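Fold and contact review
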Amino acid sequence: MSILVLNCGSSSLKYQLINISSGMCLTKGSVEKIGGNEAIFSYEIGKNERFKEVYQIFDHTDALTYVIKSITNPDHNILKSIDGIAAIGHRVVHGGEKFTESVLIDDGVISEIRECMELAPLHNPANLQGILVCMKLLPDVPNIAVFDTAFHQTMPDYAYIYALPYVMYTRHKIRRYGFHGTSHRFVAERAAKMLGKPLKNTSVITCHLGNGSSICAIKNGKSIDTSMGFTPLEGLIMGSRSGDLDPAIILHIISKEELTVHEANSMLNKHSGLLGISGNTNDMRELTESMKKGDKRAQLAISILVYRLKKYICGYLGAMGGADAIIFTAGIGENSAYVRENSLSNLEFMGIKIDKRKNKSITGEGFISGNDSKIKILVISTNEELVIARDTANMLKKRKK
Ligand code: AMP
């Protein structure tokens, strides 16, 4: 059974076709710059064949048409026809408080996704657009929505309510929602397997450290707290997002620099974080190289990231009353031995001991804790598309029963 996984942005569409029994990705790709004369359609078949084509692509309908043509192209030898697509799994960023798990999409779900649009004005409209285009082009194929926020709906109210007038929650739905839910869920499930414990008896801290970063406290398999909040801006320092700061700073800067709301938003999301501190790049590889060459601002950017990560890890250990493991995932989490080692340094008093040699040499997934570390430390490669594909296949099974 093959599942098409779609992630639609305002001018982009990313996809993967996944064989659910093997978990293998048969083909994947993206269409960027949709709406322009020179949209770029890039795709891979298997592991070795890569293609890049430029077309005039006016909208998401056009984009998906190219994707379907590529998937069913006899020369590509992927699927004989669109009948080979059993279902489509859509990444939907915001499910508000309505969606606590993935759902089969019908008219009711569509209007509820619409209702969540004001919470994710940049993402949900594009996600919905992708769903509507699929319904138009592939009317017989079921669509399933998988939400970034759903996994965190188990947080208790004292973790998700902000200390604002309560009416801000009831009137404007202002609360912590959390994001990256599919990734945190995937690595927590994988960690439970690696630890040889049922997920419902496993408590872990998952550190998703990429261009966007968040950390999650997962107690007995359920998210009880996470660092991203009302939007993906809160929490850890990210590539170009500030993470936590004193909210009064924003008011101060708006008045001092005479910024519009749009400009302030852009500063916080696109010009802050690692990029803002270093003044140079949001790329951890480049920052690490610059730090080794003695660049003080690169060093400072990484030090702040590591310091704040450590504070979150220790805070979540307190919130959970301990944990079985700490997991690192995503671009930085999977690849930066420096970040892993330094964010867990001097925590032996809490039962956390990293094995420096294993940490430096690890490739792929595995344990990097010392044998005497009470809390295990793991590196796991995240795979959000596989979670979406599996949820989609499970929904399909339920529907057939
Ligand atoms: P992601 O958003 O998960 O793709 O992660 C992107 C981040 O991972 C960027 O900051 C990259 O510089 C970082 N990254 C990727 N590979 C490495 C590596 N080998 N060492 C350090 N950072 C890396």
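To start, this report covers the structure provided alongside it. (Residues numbered from 1 in each chain as written. Predicted model: local features only at pLDDT ≥ 70, side-chain atom pairs only at ≥ 80, totals over all residues. Heavy atoms only, no water.)

1. Quick look at the overall build of the protein chain
Helices and strands together make up the secondary structure of the protein chain, namely 15 helices and 14 strands. At 22 Å, the protein chain has a C-alpha radius of gyration in line with the 21 Å of a compact globule built from 401 residues. Overall, the protein chain is about 60 × 55 × 45 Å in size when its C-alpha atoms are taken along their principal axes. Counting every position in the protein chain, which comprises 401 residues, the buried fraction comes to 49%. Look at the contacts in the protein chain between residues 6 or more apart in sequence, and 60% of them connect residues 24 or more apart. Accessible surface computed for the protein chain: about 19400 Å², of which carbon and sulfur atoms make up 52%. (Helix = DSSP H or I, 4+ residues; strand = E, 2+ residues; numbered from the N terminus. Rg over C-alpha atoms; globule rule 2.2 N^0.38 Å. Buried < 20%, exposed > 50% of the residue type's maximum accessible area, 1.4 Å probe, protein only. Contact = heavy atoms within 4.5 Å. Areas by Shrake-Rupley, 256 points an atom, 1.4 Å probe, with all protein chains shown as cover.)

2. Details of the side chain of Thr329
Mapped onto the elements of the fold, Thr329 is located in strand S12 (residues 325–329). Polar contacts involving the side chain of Thr329 include one to the side chain of Glu334, which spans 3.2 Å. Polar contacts involving the side chain of Thr329 include one to the main-chain carbonyl oxygen of Ile380, which spans 2.6 Å. Contact partners of Thr329, with chain neighbours within four places excluded, come to Ser183, Val187, Cys207, His208, Leu209, Glu334, Ile380, Ser381 and Thr382. (Polar contact = N/O pair within 3.5 Å; in protein donor to acceptor, adjacent residues only side chain to side chain.)

3. Structural notes on the side chain of Ser290
Mapped onto the elements of the fold, Ser290 is located in helix H10 (residues 284–292). Not counting residues up to four positions away in its chain, the partners in contact with Ser290 are Asp295 and Ala298.

4. Comments concerning the site of the ligand
Taken together, Gly210, Asn211, Asn282, Asp283, Met284, Arg285, Ala330, Gly331, Ile332 and Asn335 are the residues near the ligand. Contact distances for the ligand include 2.9 Å between an oxygen atom and a backbone N or O atom of Met284. In isolation the ligand offers 510 Å² of accessible surface; the protein chains occlude 68% of this area. The set of elements that each furnish at least two residues to the shell around the ligand consists of H10 and helix H12 (330–335). When residues in the shell around the ligand are grouped by element, the largest group, four residues, is from H12. (Near = heavy atom within 4 Å.)

5. Notes on the nonpolar core
In summary, soluble globular proteins display a tendency toward joint burial of nonpolar side chains. Among the nonpolar cores identified, the biggest contains 37 residues, and Ile205, Cys207, Ile215, Leu309, Ile313, Ile326 and Leu344 are the most heavily contacted of them. Other than its neighbours up to four places away in sequence, Leu344 contacts Ile313, Ile326, Phe328, Ile352, Ile354 and Ile377. Leu13, Phe41, Ile71 and Leu138 belong to the second-largest nonpolar core, a separate cluster that totals 26 residues. (Core = buried A, V, L, I, M, F, W, Y, C linked by side-chain atoms within 4.5 Å.)

6. Observations concerning the sheet that holds strand S4 (residues 39–45)
Spatially, S5-S4-S3-S2-S1-S6-S8-S7 is the arrangement adopted by the eight strands of the open sheet, whose pairing is mixed. Each edge of the sheet is formed by a strand with only one pairing partner; in this case those strands are strand S5 (49–55) and strand S7 (103–104). When S7 meets strand S8 (residues 143–147), the two strands line up antiparallel, connected through two bridges. Bridging across to S8, Leu104 finds its partner in Ile144. Packing of helix H3 (residues 124–137) onto the sheet brings it into contact with strand S1 (2–8), strand S6 (85–92) and S8, and relative to S6 it is tilted by some 165°. Where helix H15 (residues 384–400) meets the sheet, it contacts S1, strand S2 (13–19), S6, S7 and S8, and its direction lies at approximately 125° from that of S6. (Pairing = 2+ DSSP bridges. Axes fitted to C-alpha atoms, helices over the stretch in contact; angles between N-to-C directions.)

7. Brief notes about the packing of aromatic side chains
Under the definition given, this model contains 10 aromatic pairs. With a centroid separation of 6.3 Å and 40° between ring planes, the pair formed by Tyr177 and Phe230 is classed as tilted. Remark: Phe230 occurs in the loop between strand S11 (222–226) and helix H7 (247–257) and Tyr177 occurs in the loop between helix H5 (167–172) and helix H6 (181–195); sequence separation between them is 53 residues. Relative accessible area serves as the criterion here: at 0%, Tyr177 is assigned to the buried category. Among the residues examined, Phe230 registers a relative accessible area of 25% and is labelled partly exposed. (Phe/Tyr/Trp six-rings, centres within 6.5 Å; stacked < 30°, edge-to-face > 60°.)

8. What about the pattern of salt bridges?
One pass over the structure, following the stated rule, counts 15 salt bridges. A salt bridge links Glu118 to Lys173, with the nearest nitrogen and oxygen atoms 3.9 Å apart. With Glu118 in the loop between helix H2 (107–115) and H3 and Lys173 in the loop between H5 and H6, the pair connects residues that are 55 residues apart, well separated along the chain. Assessed through its relative accessible area of 33%, Lys173 is described here as partly exposed. Between Glu341 and Lys360 there is a salt bridge, with the nearest N and O atoms lying 3.9 Å from each other. Placement of Glu341 in helix H13 (residues 337–343) and of Lys360 in helix H14 (residues 356–361) is noted, with a sequence separation of 19 residues between them. Residue class for Lys360 comes out exposed when judged on its relative accessible area of 62%. When salt bridges that share partners are traced, they join Arg185, Glu189 and Asp391 into one network. (Salt bridge = Lys/Arg side-chain N within 4 Å of Asp/Glu carboxyl O.)

9. Remarks on the sheet that holds strand S13 (residues 366–367)
Strand order in the open sheet made by the six strands is S11-S10-S9-S12-S14-S13, with mixed pairing throughout. Whereas interior strands pair on both sides, the edge strands pair on one side only; in this sheet they are S11 and S13. Pairing of S12 with strand S14 (residues 376–379) involves four bridges; the strand directions are parallel. Residue pairing for S14: Ile326 is matched across the bridge by Ile377. The strands touched by helix H11 (residues 296–320) within the sheet are strand S9 (204–209), strand S10 (213–219), S11 and S12, with S10 carrying the most contacts at an inclination of about 15°.

10. A word on unusual backbone geometry
Despite not being glycine, Lys33 has its phi angle at roughly 60°, a positive value. Position of Lys33 relative to the elements: it lies in the loop between strand S3 (24–32) and S4. Positive phi, normally seen in glycine, also occurs at Lys173, with a value near 60°.

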